[in-house]
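# Analysis of the macromolecular model
Listed below, chain by chain, are the residues.
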Amino acid sequence: MSVLVNKDSKIIVQGFTGKEGSFHAEQMIAYGTNVVGGVTPGKGGQTHLDRPVFNTVAEAVEKAGADTSIIFVPPAFAADAVMEAAASGIKVIICITEGIPVQDMIKVKAFVDGKDCTLVGPNCPGVITADEAKVGIMPGFVFKKGKVGIVSKSGTLTYEAADQVVKAGLGITTAIGIGGDPIIGTTTKEAIELLMNDPETDGIVMIGEIGGNLEADAANWYKNQPNKKPIVGFIAGQTAPKGRTMGHAGAIVGGEDDTAEAKMRIMGECGIHVVSSPADIGNTMKKVLS
Amino acid sequence: MNLHEYQGKELLKKFGVAIQEGIVADTVEEALNAYGKIKEQSGSKFAVVKAQIHAGGRGKGGGVKLAKSEEEIKEHANNILGMMLKTPQTPGGLEGEGKLVRKILIAEDAYDVFDECKEYYFSVLMDREKKCNVIVYSTEGGMDIEKVAEETPELVHKEYVDPTLGLMPFQVRKVVANLGLADNKVAGKEMAKFVSSLYKAFIGSDASLFEINPVTKRADNRVIAVDCKVSLDENALYRHKDLAELRDVTEEDPTEVEAQSFGLNFVNLDGNIGCMVNGAGLAMATMDIIKLSGGEPANFLDVGGTADAERVQNAFRIILRDEKVKAILINIFGGIVRCDRVAQGVVDAYKNMGDQIKVPIIVRLQGTNAEQAKELIDNSGLEVHSAIALQEAADIVKSVLQS
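The present account deals with the structure reproduced in this document. Everything numeric in this text was worked out from a predicted model, so none of it was measured. (Residues numbered from 1 in each chain as written. Chains lettered and ligands numbered in written order. Predicted model: local features only at pLDDT ≥ 70, side-chain atom pairs only at ≥ 80, totals over all residues. Heavy atoms only, no water.)

## Describing the nonpolar core
Grouped together as the largest cluster of nonpolar side chains are 93 residues, with contacts concentrated most on I70(A), I94(A), F143(A), I192(A), V205(A) and M246(A). Per-element tally for this core: the top contributor is helix α9 (residues 280–292) of chain B, with seven residues. Contacts of V205(A), omitting those with residues within four sequence positions, involve V148(A), G149(A), I150(A), V151(A), A161(A), V165(A), V232(A), I281(A) and M285(A). With 37 residues, the next largest nonpolar core counts L3(B), Y120(B), F210(B) and L237(B) among its residues. (Core = buried A, V, L, I, M, F, W, Y, C linked by side-chain atoms within 4.5 Å. Buried < 20%, exposed > 50% of the residue type's maximum accessible area, 1.4 Å probe, protein only. Helix = DSSP H or I, 4+ residues; strand = E, 2+ residues; numbered from the N terminus. Contact = heavy atoms within 4.5 Å.)

What follows is the structure in structure tokens.
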């Protein structure tokens, strides 16, 4: 079992022949991910990294049976690329691109919500199911197979958490980078729900940050679930000043409710094991699971 | 990116929003010329001198003055231009050092018959929870809207806009009715035009925030924007080259502007421990661990994916400019970038900068080739503390602070 992506996923890369797309597609293939081709408009018919290039996503779905897409298209064209994937029958769309205008994303969100697909990101490191499929830009070797799932808004902080979990002897099932933008596809709650329903996952690491209410929503949902798996939670940005954007477009404290302090309090009240130090993620998960 | 009031008003006007007319000036002479023109246009001897800085509450600090003669314009322009204006929103608030006023707006008197004018509040922004734009409006204009929302929430209305449809006419009619203008044909029509033009301007400029407070209905039933705060989505500036040019870097922290030119994502803070991290989330987490170790973060700094010698050197320079910095914590999780290459970058940068570095440096490198990286740092002969585990780095910060 696995979540979102596995060894049978038929993955295409949108923005396949570009610099970023090429580099990461190569890394994904080296990990053993089932990349069946890619899309670059105008380059259809060519072969890249020993795989076919298509002009459109529809063609990739028809000819290569693609069901999953990872997007490396530049920000000005990324919203269109996500909608193309959703309209063409792709089931899992993972958008890595950072810097998509907010007004584009609210249109994408409204469009995708009416389709039979799941969008992860944008502005995220992607999704990895250990030993099966790496559909993202994360360093694969960090994510040794095990029994803990990760949901995170951040890139390198996800690697940090995975590394701690692996060193605590637990390992990873699937890690989902949901992204740090104000409007994203899969929410914290939705990603946690996927992992709660995954029989191989015993515990979940939830990494949030300042801004928005995704963590509080997830915590309030979790509180009322019957068969809970333990969650260890961390919120980055306890020392961030109000009103300043901290790197990620969505990481900004607007009011009282979206501070790290408020989120950590709500998560704690809802039964999540909250750590205040990012160095305590791995050992806390170990304690909780033993 | 924030705009000045005068820039925001020009933007609104382009989209058909009626505004309080004005002319910007950066000298007293220009202010007097502007006054002459404004007086002619409006037919009134009254005009307002408004300080142009990126902060609200300017009136509270003496940055907005009414004048009715050339002498008064001269007096106010003289006082306001060059003043350090303190408002509740400038750094440190009313007790802080304030912000230097470089420009003033000479604006027409917006109130034709003062007692017959009515003020409203409008803002447009993106609602993260509802994932769409929202128009927030109220009959209680000219006031602190957060206070209004707290004390009389029933007076603050919200109109959510469907992202695929845009603002519909029935929604505009609802706004007009909620503001009590449905029975006033002229003002109702004016308000409807105001609302639809305002939303067009918001979409047309890829704004992230419009706050128009107050919007004034005059005795002659015209509806005009008297003040405005505009923030634009920086990610969308590529399609608004004309708006990108409105950026006023003198309003920003000079160190942050410089960091940006090196491709570094940097935010200046008040603490004593500088930090340099790859990735925004890990950077925030590093700031948190500094605090838990007894220090205070002096900055947020995301060096990005390629932490080579040049970037590390630029980052060092920027952090070291802050004299409060007692130590620097470098925290890199090497994924696809190898730690030994980052370590080499740190060593090279350190050597190039020679004796400029007078504070202890703690380097924590984890991930690909972390062991080789630690060895490289330990054998460099430099005064650099190295660590692999995050907790280890935190412990070193603590001991450095105590020594």
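## Section: the packing of helix α10 (residues 309–320) of chain B against helix α11 (residues 339–353) of chain B
Residues and elements named next belong to chain B. The interhelical angle for the contact between α10 and α11, taken along N-to-C directions, is 55°, at an axis separation of 8 Å. By the angle between their directions, the pair α10 and α11 is classed as oblique. By crossing handedness, the relation of α10 to α11 is classed as right-handed. Taking contact as the criterion, the partners of A309, V312, Q313, F316, R317 and L320 in α10 are, on α11, G345, V346, D348, A349, Y350, N352 and M353. When grouped by side-chain class, the residues that make up the contact of α10 with α11 number eight nonpolar, three polar and two charged. (Axes fitted to C-alpha atoms, helices over the stretch in contact; angles between N-to-C directions. Parallel < 35°, antiparallel > 145°, perpendicular 65-115°, else oblique. Left-handed = near helix turned anticlockwise from the far one by under 90°. Nonpolar A, V, L, I, M, F, W, Y, C, P; charged D, E, K, R; others polar.)

## Considerations on the sheet that holds strand β1 (residues 11–14) of chain A
Residues and elements named next belong to chain A. Sheet architecture is open: seven strands sit in the order β3-β4-β2-β1-β5-β6-β7, paired in mixed fashion. Lying at the two open borders of the sheet, with one neighbouring strand each, are β3 (47–48) and β7 (118–120). Here β1 pairs with strand β5 (residues 68–71) via four bridges, running parallel. Its bridge partner lying in β5, I12 is registered against S69. Strands β1, β5, β6 (92–95) and β7 of the sheet are contacted by helix α3 (residues 75–87), whose axis makes an angle of about 170° with β6. (Pairing = 2+ DSSP bridges.)

## Here we look at the pattern of salt bridges
Enumeration according to the criterion identifies 30 salt bridges over all chains in this entry. Taking the shortest distance from any N to any O, the salt bridge between K189(A) and E193(A) comes out at 3.2 Å. Pair noted here: K189(A) and E193(A) are both in helix α6 (residues 188–196), with a separation of four residues, about one helical turn. Overall, K189(A) belongs to the partly exposed group, its relative accessible area being 25%. By relative accessible area, E193(A) is classed as partly exposed at 28%. A salt bridge links K174(B) to E159(B); the shortest N-O distance between them is 3.0 Å. On the criterion of sequence distance, the pair formed by K174(B) in helix α5 (residues 169–178) and E159(B) in strand β10 (residues 156–161) is long-range, its members being 15 residues apart. A single network of salt bridges, built from pairs that share partners, joins E5(B), K9(B), K50(B), R58(B) and D227(B). (Salt bridge = Lys/Arg side-chain N within 4 Å of Asp/Glu carboxyl O.)

## Concerning the pairing of strand β12 (residues 203–209) of chain A
Residue and element names in this part refer to chain A. Of all seven residues in β12, seven are buried; the element is thus mostly enclosed. Alternating positions in β12 separate into two faces, G203, V205, I207 and E209 on one and I204, M206 and G208 on the other, with burial throughout. With five bridges connecting them, strand β10 (residues 145–152) and β12 associate as parallel partners. Each bridged residue has a counterpart across the sheet, and for S152 the counterpart in β12 is I207. Strand direction decides the pairing type here: β12 and strand β13 (residues 231–236), joined by six bridges, are parallel. The partner of E209 across the bridge, within β13, is A236.

## Things to note about helix α6 (residues 185–204) of chain B
All names here are of chain B. For α6, built from 20 residues, the straight-helix expectation of 28 Å at 1.5 Å per residue is met to within 8% by its first-to-last C-alpha distance of 28 Å. Listed in full, the buried residues belonging to α6 are A187, G188, M191, F194, V195, S197, L198, Y199, A201 and F202. At the exit of α6 stands D206, carrying a positive phi of roughly 50°. (Expected span 1.5 Å × (residues − 1).)

Treat this as a map of the structure, not an account of what it does.
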